[in-house]
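# Reading the structure
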Amino acid sequence: MKFIIVLGYWLNNDGSAHPELRKRLEYTVEAISRLNPDKIILSGGIANKKAGVSEASVMYNILTNELGVDKDLLILEDKSTTTKENALYSCKILEKYDVEEITILSTLDHFTTQPYNTIKLFTNKIKNKNVRIMIYTRLEDE
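Let me begin by describing the structure that accompanies this report. Because the structure is a prediction, the values reported are computed rather than measured. (Residues numbered from 1 in each chain as written. Predicted model: local features only at pLDDT ≥ 70, side-chain atom pairs only at ≥ 80, totals over all residues. Heavy atoms only, no water.)

### Points about the pattern of salt bridges
- Evaluated as defined, the whole model comprises 6 salt bridges.
- Across the salt bridge formed by Arg24 and Asp109, the nearest N and O atoms sit 3.8 Å from each other. A residue pair is termed long-range when its members are at least 10 positions apart, and Arg24 in helix H1 (residues 19–35) and Asp109 in helix H4 (residues 109–112) qualify at 85 residues.
- For Arg24, a relative accessible area of 1% translates into the label buried.
- Here Asp109 falls in the partly exposed class, since its relative accessible area comes to 23%.
- Close ionic contact of Glu95 with Lys127 constitutes a salt bridge, the shortest N to O distance being 4.0 Å. (Salt bridge = Lys/Arg side-chain N within 4 Å of Asp/Glu carboxyl O. Helix = DSSP H or I, 4+ residues; strand = E, 2+ residues; numbered from the N terminus. Buried < 20%, exposed > 50% of the residue type's maximum accessible area, 1.4 Å probe, protein only.)

What follows is the structure, given as structure tokens:
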């Protein structure tokens, strides 16, 4: 099976999506048509306590209600509050499936900014070392 894992982003205090999170969701719609995944994990818990809602649930609502993504494609991972936890909890979900490929989807900063080492975090948590790991992002000026 082919999975996309969409990494969340800190929500505004009122629980609405930050523009960076909206970018990631636009990328998600694009990636669905390009990669044809079997499932998509929306990864993000309640990092901003003032928001009072998980990043995964906000992503789910925007993708299904605004962007027309089929809800059956989506799996919510709503425990993580850091990139390290995104990897930990998403990979626990993956253990239930026969995974051949995962694509980690985020904005460019998640792959180029310290202290993130997103690929290494996911590589270390995946039990099946034969899984192909890719990234999906866009250059900021695209």
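### A closer look at the packing of H1 against helix H2 (residues 55–66)
- In contact at an axis separation of 11 Å, H1 and H2 are set at 50° when each is read in the N-to-C sense. Taken together, the axes of H1 and H2 are oblique relative to one another. Here the hand of the crossing between H1 and H2 comes out right-handed. Contacts between H1 and H2 involve Leu21, Arg22, Leu25, Thr28 and Val29 from the former and Val58, Met59, Ile62, Leu63 and Glu66 from the latter.
- Per-class residue counts for the contact of H1 with H2 are 7 nonpolar, 1 polar and 2 charged. (Axes fitted to C-alpha atoms, helices over the stretch in contact; angles between N-to-C directions. Parallel < 35°, antiparallel > 145°, perpendicular 65-115°, else oblique. Left-handed = near helix turned anticlockwise from the far one by under 90°. Contact = heavy atoms within 4.5 Å. Nonpolar A, V, L, I, M, F, W, Y, C, P; charged D, E, K, R; others polar.)

### Considerations on the nonpolar core
- Ile4, Val6, Leu21, Ile40, Leu42 and Leu105 are the most contacted members of the largest nonpolar core, which totals 22 residues.
- Contributions of two or more residues to this core are made by strand E1 (2–7), H1, strand E2 (39–43) and H2.
- In this structure, Leu42 is in contact with Val6, Ala56, Met59, Tyr60, Leu63, Leu74, Ile75, Leu76 and Glu77, ignoring residues within four places of it in sequence.
- Ranked by size, the runner-up nonpolar core spans 16 residues in total, among them Phe3, Ile5, Cys91 and Ile93. (Core = buried A, V, L, I, M, F, W, Y, C linked by side-chain atoms within 4.5 Å.)

### Here we look at the sheet that holds strand E3 (residues 74–77)
- Taken together, the 5 strands give an open sheet; going across it, the order is E3-E2-E1-E4-E5, and neighbouring strands pair in parallel fashion. Here the strands that pair on one side only, and so sit at the sheet edges, are E3 and strand E5 (132–136). Along the sheet, successive strands turn relative to each other by an average axial angle of 20°, direction set aside.
- Where E2 lies against E3, 4 bridges are found, and the strand directions are parallel. Within E3, the position partnered with Ile41 by the bridge is Ile75.
- Lying on the sheet, H2 is in contact with E1, E2 and E3; it crosses E3 at an angle near 160°.
- Sitting on the sheet, helix H5 (residues 118–125) is in contact with E1, strand E4 (101–105) and E5, with an inclination near 145° to E4. (Pairing = 2+ DSSP bridges.)

### As for H2
- The terminal C-alpha atoms of H2 lie 16 Å apart, and with 12 residues this matches the ideal 16 Å at 1.5 Å per residue to within 8%.
- Here H2 has its buried residues at Glu55, Ala56, Ser57, Val58, Met59, Ile62, Leu63 and Thr64.
- Buried positions along H2 lie against E1, H1, E2 and E3.
- At the C-terminal side of H2, Gly68 shows a positive phi close to 75°. (Expected span 1.5 Å × (residues − 1).)

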